[in-house]
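Listed below, chain by chain, are the residues.
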Amino acid sequence: MGTTHSPRSDTRARIVAVALELFSEHGYERTSLREIADRLGVTKAALYYHFKTKEDIVQGIVTATAAPIHELIAWGREQTWTPDVRDELIRRFAAGMSERAPLLRFFQENQPALRDLQAGREFRDSMIALVRLVHGPEASFEDRLRAAMSLFTINSALFLLHQDKRPEDKRPEAECPAGGTRVAEPTREEAVEAAQHVALEICRLIGRPAPTD
């Protein structure tokens, strides 16, 4: 069954998308509601009709774009932890975040400003819950660290990829020192695949006995 979107919900979605762009480009604290309204081509009063403050917009960003994380947490809590479940959590996280790189970039680049916002705390708590699902019960500190690193590997790959502002449908060559080999930038699909591979390498160390001398 199709979903009918109201003009108001479509406008809110557009505001969230444009605000996310500006917050990622200039930072949360350095972006004003006036700049968001100008980018949208609306009056500030029209923007106020949908969102009264920047914090309200951040809450809208989290609500609109963090759904895959919440769904993954709900799925993980229904499972009995096994290595296969652990690996599937990583795969699903990578798939869900692939199209949401701007959200990850936004949170990574605006952590100080978001620390005291309700939306920022909610996103942090969701990531903590997901880390716990990856490492399973009675995990050592090292395994908890591995679980966190495996998830943040996905974030880091997408963050690195989006430092290059050039179009994604091209494969430009990265800058290199004189005389060096020029390496083609990966596509988003290749970056996510590489990140997932590294993340699985890390998390598969969870639960292994420490080597003895």
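Attention here is on the structure that accompanies the text.

Calculation rules
- Residues numbered from 1 in each chain as written.
- Predicted model: local features only at pLDDT ≥ 70, side-chain atom pairs only at ≥ 80, totals over all residues.
- Heavy atoms only, no water.
- Helix = DSSP H or I, 4+ residues; strand = E, 2+ residues; numbered from the N terminus.
- Contact = heavy atoms within 4.5 Å.
- Areas by Shrake-Rupley, 256 points an atom, 1.4 Å probe, with all protein chains shown as cover.
- Patch = residues over 30% accessible without salt bridge, like charges linked within 9 Å, V, L, I, M, F, W, Y side chains within 5 Å.
- Salt bridge = Lys/Arg side-chain N within 4 Å of Asp/Glu carboxyl O.
- Phe/Tyr/Trp six-rings, centres within 6.5 Å; stacked < 30°, edge-to-face > 60°.
- Lys NZ or Arg CZ within 6 Å of the ring centre and 35° of its normal.
- Buried < 20%, exposed > 50% of the residue type's maximum accessible area, 1.4 Å probe, protein only.
- Arc of directions from axis to C-beta.
- Core = buried A, V, L, I, M, F, W, Y, C linked by side-chain atoms within 4.5 Å.
- Axes fitted to C-alpha atoms, helices over the stretch in contact; angles between N-to-C directions.
- Left-handed = near helix turned anticlockwise from the far one by under 90°.
- Nonpolar A, V, L, I, M, F, W, Y, C, P; charged D, E, K, R; others polar.
- Polar contact = N/O pair within 3.5 Å; in protein donor to acceptor, adjacent residues only side chain to side chain.
- 1 Å grid on protein atoms, 1.4 Å probe; cavity = no way out; pocket = protein on both sides within 12 Å on 5 of 7 lines; lining within 4 Å.
- Points joined across faces, edges and corners; volume = space filled by probe spheres on them.

Some details on the overall build of the protein chain
Phase 1 of the analysis: A tally of regular secondary structure across the protein chain gives 11 helices and zero strands.
Phase 2 of the analysis: Along the protein chain, helices and strands appear, N-terminal first, in the series α-α-α-α-α-α-α-α-α-α-α.
Phase 3 of the analysis: Taking the intrachain contacts of the protein chain between residues at least 6 apart in sequence as the baseline, contacts between residues at least 24 apart amount to 66%.
Phase 4 of the analysis: With the model as given, the accessible surface of the protein chain reaches about 12,700 Å², and the carbon-plus-sulfur share is 53%.

Description of a nonpolar patch on the surface
Phase 1 of the analysis: A cluster of nonpolar residues, Phe-141, Leu-145 and Met-149, forms a patch on the protein surface that exposes about 320 Å² of accessible area.
Phase 2 of the analysis: Following the sequence through the fold, Leu-145 ends up in helix α10 (residues 141–161).

Focus on the packing of aromatic side chains
Phase 1 of the analysis: Within this structure, the stated rule accounts for one aromatic pair.
Phase 2 of the analysis: One Lys or Arg, Lys-54, reaches over the ring of Tyr-28 and ends 4.5 Å from the middle of that ring.
Phase 3 of the analysis: When the ring centre of Trp-75 is taken as origin, the NZ or CZ atom of Arg-92, which lies over that ring, is 4.0 Å away.

Overview of helix α2 (residues 33–40)
Phase 1 of the analysis: Those residues of α2 lying buried are Leu-33, Ile-36, Ala-37 and Leu-40. Buried residues along α2 cover an arc of 95° about the axis, so they all sit on one side.
Phase 2 of the analysis: Positive phi appears at Gly-41, one or two residues downstream of α2, with a value of about 80°.

A look at the nonpolar core
Phase 1 of the analysis: Formed by 56 residues in total, the largest nonpolar core has its most connected members in Phe-23, Ile-36, Ile-57 and Phe-93.
Phase 2 of the analysis: Looking at this core element by element, the count peaks at eight residues for helix α9 (residues 118–135).
Phase 3 of the analysis: The contact partners of Phe-23, leaving out residues within four places of it in the chain, are Tyr-28, Thr-31, Ile-36, Lys-54, Ile-57, Val-58, Ile-61, Phe-106 and Asn-110.

Side note on the packing of helix α5 (residues 67–77) against α9
Phase 1 of the analysis: Here α5 crosses α9 at 35°, and the two axes come no closer than 10 Å. The two elements α5 and α9 cross, and the hand of that crossing is left-handed. Residue-level contacts link Ile-69, His-70, Leu-72, Ile-73, Gly-76 and Arg-77 of α5 to Phe-123, Ser-126, Met-127, Ala-129, Leu-130 and Leu-133 of α9.
Phase 2 of the analysis: Among the residues forming the contact of α5 with α9, the class breakdown is eight nonpolar, three polar and one charged.

With respect to the side chain of Thr-31
Phase 1 of the analysis: Relative to the helices and strands, Thr-31 resides in the loop between α1 (7–26) and α2.
Phase 2 of the analysis: One polar contact links the side chain of Thr-31 to the main-chain carbonyl oxygen of Leu-22, over a distance of 3.4 Å.
Phase 3 of the analysis: Excluding residues within four positions of it along the chain, Thr-31 makes contact with Leu-22, Phe-23, His-26, Ile-36 and Lys-54.

Concerning the environment of Arg-86
Phase 1 of the analysis: Residue position: Arg-86 is located in helix α6 (residues 83–98).
Phase 2 of the analysis: Residues Arg-86 and Ala-147, spaced 61 residues apart in sequence, show a C-alpha to C-alpha distance of 9.1 Å.
Phase 3 of the analysis: When near neighbours in sequence (up to four residues on either side) are disregarded, Arg-86 contacts Trp-81, Val-134, Cys-203, Arg-204 and Ile-206.

Some details on the layout of surface pockets
Unfilled space is identified by rolling a water-sized probe across the atoms.
Phase 1 of the analysis: The volume enclosed by the largest pocket comes to roughly 540 Å³.
Phase 2 of the analysis: Along its surface, the largest pocket is lined by 19 residues, and Gln-111, Phe-123, Arg-124, Met-127 and Phe-152 are the ones closest to its centre.
Phase 3 of the analysis: For the lining of the largest pocket, the elements supplying multiple residues, two or more each, are α7 (101–109), α8 (111–114), α9 and α10.
Phase 4 of the analysis: At nine residues, α9 tops the list of elements feeding residues into the lining of the largest pocket.
Phase 5 of the analysis: When grouped by side-chain class, the residues that make up the lining of the largest pocket number nine nonpolar, five polar and five charged.

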